[in-house]
Amino acid sequence: MKKERSMNGQIEKFKEYVEESRCTVAITGAGISFSAGGLSFDHSSRSEMNELMALGSEDFLKNEPVKYYEYLDRAFLHSMLVVGPSPAHRALAKLEEMKKLDAIITTNIDCLHTIAGNRNVLEIQGSLQVNRCVECGRHYDDYRIWAHGKAPVCEACGGAVWTFPFYSHVGLNNEVVDRAREVISRADLIIPIGTNGPYGNAYWPYRNRKAKVVQINPGRTAFDSAADINFREGADSVLGNLLEALEAGK
């Protein structure tokens, strides 16, 4: 009962922060996709990580397109195209629809925020909706090219089509990083969800230092010391409770 009262109090404070905010930004990592069957590299087996490293090799990608597709299917495509967005993804889309969320900064490549309905998603490591032919450079920036049960090939030249994290060797999309820095500098509410820490400090040093920070993560993270509220719960339940509180207060 005491825990329930504490949670209710935190939700009420969270609701106040959301209602008072003029610019709210969520930061998401792999944890928000767990209930959709998403893969976390932090929790992957060594063999899975070795496979990921092998996929960073151009020789592997060019010579093993079937294995490339099979890996992506197991790691991301099933959760994207079969399971679909988690309740937390859908809650963030609803918050944007309610004009309570301005942007999402994410290291996730699974496109689940877009599929859920969010429009201002800053995928700083690219995603499966940022793709190009490695032969002629033609872009195919739509996640649906992965929905046909096989690795896509370029319509123009027949070359292999790779997704950004692999053709960039898991680098940052600098244009998107610039946009993330700009929006977080204006945010007066920042909500890290299911992420262990700011990726390579690509955007976190640019944040508005006066912003409130509400973290949602069952485990300890690099955001702990900055958080005004720490929810040690899963995002599905916390964001569901937040939406209920916001809608009840209309």
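Let me begin by describing the structure that accompanies this report. The residue numbering used here restarts from 1 in each chain and proceeds along that chain's sequence as written. Local features in this predicted model are restricted to residues of pLDDT 70 or higher, and side-chain atom pairs are both shown and tallied only at a pLDDT of 80 or more, whereas totals for entire chains, interfaces and linings draw on every residue. Heavy atoms throughout the structure, all of them, feed into the side-chain values; hydrogens and water do not.

### Describing the overall build of the chain
Part 1 of the reasoning: Counting secondary structure elements, the chain contains nine helices and eight strands.
Part 2 of the reasoning: Only protein chains enter the calculation, and the probe is 1.4 Å; a residue is then buried if its accessible area is under 20% of its type maximum, exposed if over 50%, and partly exposed in between. For the chain, with 250 residues in total, the buried portion stands at 49%.
Part 3 of the reasoning: Here the chain has roughly 12200 Å² of accessible surface; of this, 46% comes from carbon and sulfur atoms. Helix and strand assignments follow DSSP, with helices taken as H or I runs no shorter than four residues and strands as E runs no shorter than two, numbered in order from the N terminus. Working definition of accessibility: Shrake-Rupley area with a 1.4 Å probe, residue cover restricted to the visible protein chains.

### Considerations on the packing of aromatic side chains
Ring pairs (aromatic) are described by centroid distance and by the angle formed between their planes.
Part 1 of the reasoning: Ring pairs shown here join Phe, Tyr and Trp side chains whose ring centres sit within 6.5 Å, with only the six-membered ring taken for Trp; geometry is labelled stacked below 30 degrees between planes, edge-to-face above 60, and tilted in between. Counted under the stated rule, the structure contains two aromatic pairs.
Part 2 of the reasoning: Between the aromatic rings of Phe14 and Phe231, the centroid separation amounts to 5.6 Å while the plane-to-plane angle is 45°, which identifies the pairing as tilted. Here Phe231 lies in strand S8 (residues 229–231) and Phe14 lies in helix H1 (residues 2–20), a separation of 217 residues in the sequence.
Part 3 of the reasoning: A ring pair is formed by Trp204 and Phe223, whose centres lie 5.0 Å apart and whose planes are at 85°; its orientation type is edge-to-face. Taken together, the residues Trp204 in the loop between strand S6 (189–193) and strand S7 (212–216) and Phe223 in the loop between S7 and S8 connect sequence positions 19 residues apart. Comparing Trp204 with Phe223, the two get one shared label, buried.

### Some remarks on the nonpolar core
Part 1 of the reasoning: Residues Phe14, Leu92, Ile193, Ile216, Phe231 and Leu239 are the most contacted members of the largest nonpolar core, which totals 28 residues.
Part 2 of the reasoning: Counting only elements with at least two residues in this core, the list comes to H1, helix H5 (87–97), S6, S7, S8 and helix H9 (235–248).
Part 3 of the reasoning: The element best represented in this core is H9, accounting for seven residues.
Part 4 of the reasoning: Contact definition: two residues touch when any of their heavy atoms are within 4.5 Å. If sequence neighbours within four positions are ignored, Ile216 has contacts with Phe14, Ile191, Pro192, Ile193, Gly194, Phe231, Glu233, Gly234, Ala235, Val238 and Leu239.
Part 5 of the reasoning: Counting residues in each nonpolar core, the second largest holds 23 residues, with Ala75, Cys133, Phe164 and Phe166 among its members. In plain words, nonpolar cores are sets of buried Ala, Val, Leu, Ile, Met, Phe, Trp, Tyr and Cys residues tied together by side-chain atoms within 4.5 Å.

### A short note on the sheet that holds S7
Part 1 of the reasoning: Two strands form a pair only when DSSP identifies at least two bridges running between them. Spatially, six strands are ordered S3-S2-S1-S6-S7-S8 in an open sheet, and the strand pairing comes out parallel. On the outer flanks of this sheet lie strand S3 (121–123) and S8, each paired with one strand and no other. Pairwise comparison of adjacent strand axes, ignoring direction, gives a mean angle of 15° for this sheet.
Part 2 of the reasoning: By the bridge criterion, three bridges tie S7 to S8 in an arrangement that is parallel. Within S8, the position partnered with Ile216 by the bridge is Phe231.
Part 3 of the reasoning: Only the stretch in contact is used when fitting a helix axis, every axis being a line fitted to C-alpha atoms; angles between N-to-C directions are given from 0 to 180 degrees. Strands in contact with H9 are S6, S7 and S8; relative to S7, the strand with the most contacts, it is inclined by about 130°.

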